[in-house]
Amino acid sequence: MTDIDTQAFLHDLHELRKIGQFRTGVHRPTYSPQDMESRRWLMDRLAVCGLDVSMDGVGNVYGRHPGPGPHLLVGSHIETQNEAGWLDGALGVVAGIALSRAGLPVDVCAFADEEGHFDVGFLGSRSIIGEVTEAEIDGSRNRTDGTSLRDALRAAGLDGRSRMTLEPGRHKGFLEMHIEQGTQLEQAGLRIGVVTGIVAIWQWRLVVQGQQDHAGGTTMAERKDAGLTAVRLLAAIDSEFPRIAGERSTWTTGRIALDPGAPSVIPGRADVLFQFRDVSMDVLERMEAGLRALVREANRRERCPVTLEGINKAIPALCDPAMMRALAGAADALAPGAWQYMPSGAGHDAQNIARKMPAAMLFVPSIGGISHHWSEDTKDEDLVLGVQVLGETARRFLAG
Ligand SMILES: [Zn+2]
């Protein structure tokens, strides 16, 4: 059994929680003074564990194990959403410190801006796998205040530093511990989730073309109301999808924009942003086929033509089977009967790192499923059990 100092682990979590404290949570937006303070705090902690520490040109903090391999990479992110929780991201990084302190041959990384304060998206974990171009950085802005990423990097003292990339062949795999950010574990009375994969998001735009006209003068028989066609189609999707979707698929209409959007004008156009998510390509393709069939059916029945445009089709990141076996074995040993397999409905840095090496994730319960809010929390005993399972997983996977 791997010996994790769980008191030191909890102590580290609470130390990090003090940086940018907001009520019971934290406020550490990317490259803010408090975010940079937390990165320096992390560098100190990693150095104390004997790792060779560096921070790169986008703020990725990396602690490199100086001894012989095989090595594992462990990590997550330490910036937060605005006025958000103390565990999201921080947990996976501090768990890395705990594994390193226990003498495991791990490199620990905090990937910058997983929370997407800048519109480049997964800046740190995509940069470290060599996917972010300088032009992308030039064009990126802060979603909240419009600051250019270049200006923010300069203000944080990071301009002129090179960006690191993962050393090919160095790592046997990547492990990320994270809070669930949902209620599946809590509702099932379970304490550990072995993640099977990270869902892919398929995004669509539905445009309905109607006829803008007077809401009083135009009879019901004459009008071409793009808004009504959109709403009927969305209702049809919602009643049909349960038959074709997977057990944990989700679908969401995030925006319906009616043009011109005035109370006395029949909408001439509806612009709808729609997405669905699943971890299985088969299910995603079935949902796409279903969506296309429903649009065809709408075009047969309705007065207003609908066009469907694909915006983005990502590929689900599946967790590595051997790493999942190590996680399941460790969970069986330390939490018998108290764990389950489950997909991740949210995006994580692991989905990017999984493109370069085997990757796996472990979830611990979120109290009330709350996350991205200052009241986010997890019981101490679940945090402790989680890091023990993670350590045992690392030991087994490295030995296997
Ligand atoms: Zn996170």
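Please refer to the structure higher up on the page.
These numbers come from a predicted model, not from an experiment.

Caption draft 1: Here's a closer look at the coordination of the zinc ion. Listed as protein donors to the zinc ion are H77 (NE2), D88 (OD) and H178 (NE2); their distances from the metal cover 2.0 to 2.2 Å. In the primary sequence, the donor residues of the zinc ion line up as H-x10-D-x89-H. Taken together, the positions of D88 in the loop between β5 (71-76) and α3 (90-101) and H178 in strand β7 (residues 171-179) put the pair 90 residues apart, joining distant regions of the chain. By the burial criterion, D88 is buried, and H178 matches it.

Caption draft 2: Local environment of the pattern of salt bridges. Using the criterion set out here, one finds 26 salt bridges in the structure. Note that R292 and E288 form a salt bridge whose closest N and O atoms lie 2.8 Å from each other. Linking R292 with E288, this pair stays in helix α9 (residues 281-301), spanning four residues, or about one helical turn. Salt-bridge contacts for E297 lead to R300; the nearest nitrogen and oxygen are separated by 2.9 Å. Residue E297 and its partner R300 are located together in helix α9, separated by three residues, close to a single helical turn. A relative accessible area of 27% places E297 in the partly exposed class.

Caption draft 3: Structural context of helix α1 (residues 6-17). Taking 1.5 Å of rise per residue, 12 residues should cover 16 Å, and α1 covers 17 Å from first to last C-alpha, within 8% of that figure. Within α1, burial applies to T6, A8, F9, L10, D12, L13, L16 and R17. Its side-chain oxygen placed 3.3 Å from the backbone nitrogen of Q7, D5 serves as the N-cap of α1.

The rules behind each value
Residues numbered from 1 in each chain as written. Predicted model: local features only at pLDDT ≥ 70, side-chain atom pairs only at ≥ 80, totals over all residues. Heavy atoms only, no water. Donors = N, O, S within 2.8 Å, 3.2 Å for Na, K, Ca; no water. Helix = DSSP H or I, 4+ residues; strand = E, 2+ residues; numbered from the N terminus. Buried < 20%, exposed > 50% of the residue type's maximum accessible area, 1.4 Å probe, protein only. Salt bridge = Lys/Arg side-chain N within 4 Å of Asp/Glu carboxyl O. Expected span 1.5 Å × (residues − 1). Polar contact = N/O pair within 3.5 Å; in protein donor to acceptor, adjacent residues only side chain to side chain.

Without other data, these values stay purely geometric and don't point to any function.
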